[in-house]
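Secondary and tertiary structure notes
Each chain is listed here by its residues.
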Amino acid sequence: MLLLQVNTSGANVSLVLFFGTIGMLALTIGLIVFIIFHQRKVIRYQMTLQKMEQEQQKMLLNASIRLQEEERQRIAADLHDDAGPLLATARLYLNENLVNLDKTTQLQSIYNAKQIIDDTIQLIRNISHSLMPPTLKNFGLESAVNDQFQKISSSGIINASCRFHDYKERLQTDNELIVFRVIQELINNILKHSNASFIHLTQNTNGNKFYIRMHHDGKGITQADFERMNKSAAGLGLKNIQSRLKVLHGRIFFEKDASQTYYKVTIELNREDNQ
Amino acid sequence: MFLLDFTYISYIITIIIFFVFAKNNRNTGSLIVIVYTCYSLINDIVIEKKLLNSIGIDSTFLMSIFTIVEFTFLFYYLSHILANKKIKAFLFVSTFIFFIVAFVNIYKNFVQNSLSLDTIPIAVSSIILIIGSIAYFFEQIQTPEVSFIYSKPSFWVVVGIMIYFSGTFFLFLQYENLSDTDKKTFWIINMFCLILKNIFFSISFILKPENQQISNVDDYYLNKLE
């Protein structure tokens, strides 16, 4: 440019000045316009992402509310259909007329009423245990999962086994319950939909990460299926898993084994967040 | 002549807008810009009316001083709004080069008793300030913010700086090679760019400072709805 300054004649100087100024202004205005439109585009993209995330949150919330309602209905049905008739029958055995009956009948009625009350107690214990497994509360996730797998295995329908490799430090009680519910939901899905002949669960840690992996040889889903179902109205259980793991800042991955024989589900948690 | 009057009017309007929206302008950035605008206006009047010729101060010397002061103000403004330390460091190094060039130029003019315009320091200052402005835009693209870029006062100040210095870059570079007639003709570019710069500065004074703005797009649209 400095060379130009020295060598050009008067007319050329004017030309250079004119076109140079026009060019510089055009470049500057072009750059400013580009910046404005680029930023608008970025903001619009961010808004779309925000909207999608809000919709996802709404779906998860709805799924969680629906699940809660279903759980309440189940408990209400258990109490109404099972405990109610049992207690009503016990009340029949212990009616006012009992004092007028002979001693043998009285004893028989009391014995029958006792049997029914015992059944009711057992029923209420079962309901209570389904709400909060005592093994989980008292002995932790490892024992609760072992217990669950033994029950499944002893049914003879499916071979279920589990192994915890590094669970010396327990997760927080509330978080153990959430992980246990997620495992229950996954087992439930495998039993219902996969026709698997075995389920194997392993627990591992790697640095700050806590992993639970489940393998089965039935018909499973991949991450793409999981994400698709999460966005659709279907897959209430999967949405519930997602919303539970969100509480723990955890992640879940569904994949098919490299050998294409097994399906693998991995739950990943941060130990620091949950211990 | 009409354009020159219009340039002065644009300066005065910018200063009036600053005081009308004084509430928005209680920050370092706006203060730098208004002091620079006032100084430019006074300098232009003094040079045009040759007010200091009677005491032996030449307008070319005033222009050389103006280049240094102008650069100092605008460099300080840019380093105030830029966050990236590397870019800031680059600007500081460039500033050092500029000051060497500017003082050598003044010394040369003094020794040679020359009355030529300080084209080289102006060109160097223009390049540094244009690079600083592009760096500001680059930084704005990089930072994932949710507020619109044109809602920031700093954006309009930088646009003003960029338009002015890119528009007058070739004018000042070729100024000494122009004939006297051409100098008068092409000086229109300078006045036109000054008017544009003042308009952009005025817009920056009208806008609320960045820390008082809506920081979220949701809030922005919510406010729009209300």
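These figures come from a predicted structure and were not determined experimentally.

**Details of the overall build of chain A**
Counting secondary structure elements, chain A contains nine helices and five strands. Each helix and strand of chain A, ordered N terminal to C terminal, gives the series α-α-α-α-α-β-α-β-β-α-α-β-β-α. Here the C-alpha radius of gyration of chain A, 33 Å, is well above what a compact globule of 275 residues would show, namely 19 Å. A principal-axis box enclosing the C-alpha atoms of chain A has dimensions of 135 × 45 × 35 Å. Within the span of chain A, comprising 275 residues, buried residues form 36% of the whole. Taking the intrachain contacts of chain A between residues at least 6 apart in sequence as the baseline, contacts between residues at least 24 apart amount to 66%. With the model as given, the accessible surface of chain A reaches about 16700 Å², and the carbon-plus-sulfur share is 56%. Counting 31 positive and 27 negative side-chain charges, chain A places the centres of these two groups 7 Å from one another.

**Quick look at helix α3 (residues 103-131) of chain A**
Residues spaced three or four apart along an α-helix point in a common direction, a consequence of the helix completing one turn every 3.6 residues. Compared with an ideal rise of 1.5 Å per residue, which puts 29 residues at 42 Å, α3 of chain A spans 42 Å between its outermost C-alpha atoms and is within 8% of the ideal. Every buried residue of α3 of chain A is accounted for by Ser-109, Asn-112, Ala-113, Ile-116, Thr-120, Leu-123 and Ile-127 of chain A.

**Quick look at the sheet that holds strand β3 (residues 209-216) of chain A**
All names here are of chain A. Spatially, five strands are ordered β1-β2-β3-β5-β4 in an open sheet, and the strand pairing comes out mixed. The open sheet has two edge strands with one neighbour each: β1 (159-164) and β4 (251-256). Between one strand and the next, the sheet's axes are offset by a mean angle of 15°, whatever the strand orientation. By the bridge criterion, eight bridges tie strand β2 (residues 198-206) to β3 in an arrangement that is antiparallel. Paired with His-200 across the strands is His-215, a residue of β3. Against the sheet, helix α5 (residues 141-154) engages β1, β2 and β3, with an angle of about 165° to β1.

**Focus: the pattern of salt bridges**
Going through the model one piece at a time under the given rule, you end up with ten salt bridges over all chains. In this structure, the salt-bridge partner of Glu-268 of chain A is Lys-209 of chain A, at a minimum N-O distance of 3.6 Å. In this pair, Glu-268 of chain A sits in strand β5 (residues 263-270) while Lys-209 of chain A sits in strand β3, placing the two residues 59 residues apart along the sequence. Using a relative accessible area of 27% as the deciding quantity, one classes Lys-209 of chain A as partly exposed. Residue Lys-49 of chain B pairs with Glu-48 of chain B through a salt bridge whose shortest N-O separation is 3.6 Å. We classify Lys-49 of chain B as exposed; its relative accessible area is 51%. The partly exposed category is assigned to Glu-48 of chain B, whose relative accessible area is 31%. What you see here is one network of salt bridges that share partners, running through Glu-71, Arg-74 and Asp-78 of chain A.

**Focus: the packing of aromatic side chains**
Scanning the entire structure with this criterion turns up 26 aromatic pairs over all chains. Plain terms: the ring middles of Tyr-39 of chain B and Phe-73 of chain B are 6.5 Å apart, the flat faces sit at 50° to each other, and that makes the pair tilted. Taken together, the positions of Tyr-39 of chain B in helix α2 (residues 28-49) and Phe-73 of chain B in helix α3 (residues 59-81) put the pair 34 residues apart, joining distant regions of the chain. Residue Tyr-39 of chain B is classed as partly exposed on the basis of its relative accessible area, which comes to 24%. Above the ring of Tyr-211 of chain A, the side-chain terminus of Arg-213 of chain A is found at 5.0 Å from the ring centroid. We note Lys-197 of chain B situated over the ring of Tyr-164 of chain B; from NZ or CZ to the ring centre the distance is 4.3 Å.

**Topic: the packing of helix α1 (residues 2-20) of chain B against α2 of chain B**
All names here are of chain B. Interaxial distance between α1 and α2 falls to 10 Å at its minimum, and their mutual angle equals 150°. Considered as vectors, α1 and α2 are oriented roughly antiparallel to each other. As for the relative orientation of α1 and α2, their crossing is left-handed in sense. Between α1, through Leu-4, Tyr-8, Tyr-11, Ile-12, Thr-14, Ile-15 and Phe-18, and α2, the contact on the second element is made entirely by Ser-30, Leu-31, Ile-34, Thr-37, Cys-38, Ser-40, Leu-41, Asp-44, Ile-45 and Glu-48. Taken together, the residues of the contact of α1 with α2 break down into eleven nonpolar, four polar and two charged.

**Overview of the interface of chain A and chain B**
In this assembly, 28 residues from chain A lie in contact with 32 residues from chain B. With both sides pooled, the region where chain A packs onto chain B buries about 2900 Å², and carbon together with sulfur makes up 74% of that total. For the pair chain A and chain B, the number of links is zero salt bridges. Linking chain A to chain B there are three residue pairs in polar contact (both at pLDDT 80 or more). Secondary-structure elements contributing two or more residues to the side of chain A that touches chain B are α1 (2-7) and α2 (10-93) of chain A. Classifying every residue of the side of chain A that touches chain B gives 17 nonpolar, ten polar and one charged.

**Examining the domain arrangement of chain A**
All names here are of chain A. Segmentation of chain A into domains returns domain 1 (1-131) and domain 2 (133-275). Each of domain 1 and domain 2 has a C-alpha centre, and the two are 19 Å apart. With twelve residues of domain 1 at the contact, the number on the domain 2 side is 14 residues. Regarding the contact of domain 1 and domain 2, the summed buried area is about 1200 Å², with carbon and sulfur atoms giving 62% of it. On the domain 1 side of the interface with domain 2, the three residues burying the most area are Met-59, Leu-60 and Leu-67, jointly 43% of the side's total.

Each value, and the rule that gives it
- Residues numbered from 1 in each chain as written.
- Chains lettered and ligands numbered in written order.
- Predicted model: local features only at pLDDT ≥ 70, side-chain atom pairs only at ≥ 80, totals over all residues.
- Heavy atoms only, no water.
- Helix = DSSP H or I, 4+ residues; strand = E, 2+ residues; numbered from the N terminus.
- Rg over C-alpha atoms; globule rule 2.2 N^0.38 Å.
- Buried < 20%, exposed > 50% of the residue type's maximum accessible area, 1.4 Å probe, protein only.
- Contact = heavy atoms within 4.5 Å.
- Areas by Shrake-Rupley, 256 points an atom, 1.4 Å probe, with all protein chains shown as cover.
- Lys, Arg positive; Asp, Glu negative; His and termini not counted.
- Charge placed at Lys NZ, Arg CZ, Asp CG, Glu CD.
- Expected span 1.5 Å × (residues − 1).
- Pairing = 2+ DSSP bridges.
- Axes fitted to C-alpha atoms, helices over the stretch in contact; angles between N-to-C directions.
- Salt bridge = Lys/Arg side-chain N within 4 Å of Asp/Glu carboxyl O.
- Phe/Tyr/Trp six-rings, centres within 6.5 Å; stacked < 30°, edge-to-face > 60°.
- Lys NZ or Arg CZ within 6 Å of the ring centre and 35° of its normal.
- Parallel < 35°, antiparallel > 145°, perpendicular 65-115°, else oblique.
- Left-handed = near helix turned anticlockwise from the far one by under 90°.
- Nonpolar A, V, L, I, M, F, W, Y, C, P; charged D, E, K, R; others polar.
- Buried area = accessible area lost by both parts, 1.4 Å probe.
- Polar contact = N/O pair within 3.5 Å; in protein donor to acceptor, adjacent residues only side chain to side chain.
- Domains from an automatic or database assignment.

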